[in-house]
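# Examining the three-dimensional arrangement
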Amino acid sequence: MNLTQEQLKIVKEMAYRLISPELIAINLEVDVYDFKMALEADGPIRTAFFSGYLQQLIETRDALIKSAHNGSNPAQLELLKFIRDLNRQMKYG
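Reference entry: report on the structure contained in this document. In this text the structure is predicted, and so the values were computed from the model without any measurement.

## Some details on the pattern of salt bridges
The full count for this structure, using the stated rule, is four salt bridges. As a salt-bridge pair, aspartate 42 and arginine 46 come within 3.9 Å of each other at their nearest N and O atoms. For aspartate 42, a relative accessible area of 75% translates into the label exposed. Looking at arginine 46, the relative accessible area reads 31%, which means it is partly exposed. Note that arginine 88 and aspartate 85 form a salt bridge whose closest N and O atoms lie 3.2 Å from each other. Of this pair, arginine 88 and aspartate 85 both sit in helix H5 (residues 73–90), three residues apart, which is roughly one turn of the helix.

Listed below in structure tokens is the structure:
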């Protein structure tokens, strides 16, 4: 599946806004199955989608960390979960 640069920009922007792949495909008027398959393969569609998604994830985590450092107990608990999960994934804890 090939998308134009403008379509890839839309993919990135919609992923940033946490829109599902199915709805992104519908918005772009492309086959949903083909789009989802393109997300699983290395290429510009996968890169655009995860670039937008990760940008949102980073900003959200930054806000969570800031809230935790400012004394928010729920944010601190959530942050500890992230740390434990990462430690398990990295086999360091």
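From this point, the narrative continues.
## Remarks on helix H1 (residues 5–16)
Side chains of residues three or four places apart in an α-helix project in the same direction, reflecting 3.6 residues per turn. Spanning 12 residues, H1 covers 17 Å between terminal C-alpha atoms, matching the ideal 16 Å at 1.5 Å per step. Among all positions of H1, only Leu8, Val11, Met14 and Ala15 are buried. Along the long axis of H1, the arc covered by the buried residues comes to 125°, so they all point the same way. Where H1 is buried, its residues touch helix H2 (21–28), helix H3 (32–40) and helix H4 (44–69). Following H1 by one or two positions, leucine 18 adopts a phi angle in the positive range, close to 60°.

## Here we look at H4
For H4, which comprises 26 residues, the first-to-last C-alpha distance of 37 Å matches the rise-based estimate of 38 Å (1.5 Å per residue) to within 8%. Residues Ile45, Ala48, Phe49, Gly52, Gln56, Leu64 and Ala68 constitute the buried set of H4. Its buried side turned inward, H4 meets H1, H2, H3 and H5. In the stretch just after H4, glycine 71 is the one whose phi turns positive, near 100°.

## Some words on the packing of H4 against H5
Between H4 and H5, whose axes approach to 8 Å, the crossing angle comes to 125°. When the axis of H4 is compared with that of H5, the two are oblique. Once H4 is placed against H5, the crossing between them reads as left-handed. Across from Arg61, Leu64, Ile65, Ser67 and Ala68 in H4, the residues of H5 making contact are Ala75, Gln76, Glu78, Leu79 and Phe82. A class-by-class count of the residues in the contact of H4 with H5 yields six nonpolar, two polar and two charged.

About the cut-offs
Residues numbered from 1 in each chain as written. Predicted model: local features only at pLDDT ≥ 70, side-chain atom pairs only at ≥ 80, totals over all residues. Heavy atoms only, no water. Salt bridge = Lys/Arg side-chain N within 4 Å of Asp/Glu carboxyl O. Buried < 20%, exposed > 50% of the residue type's maximum accessible area, 1.4 Å probe, protein only. Helix = DSSP H or I, 4+ residues; strand = E, 2+ residues; numbered from the N terminus. Expected span 1.5 Å × (residues − 1). Arc of directions from axis to C-beta. Contact = heavy atoms within 4.5 Å. Axes fitted to C-alpha atoms, helices over the stretch in contact; angles between N-to-C directions. Parallel < 35°, antiparallel > 145°, perpendicular 65-115°, else oblique. Left-handed = near helix turned anticlockwise from the far one by under 90°. Nonpolar A, V, L, I, M, F, W, Y, C, P; charged D, E, K, R; others polar.

In short, the description is geometric, and any link to function would need to be established separately.
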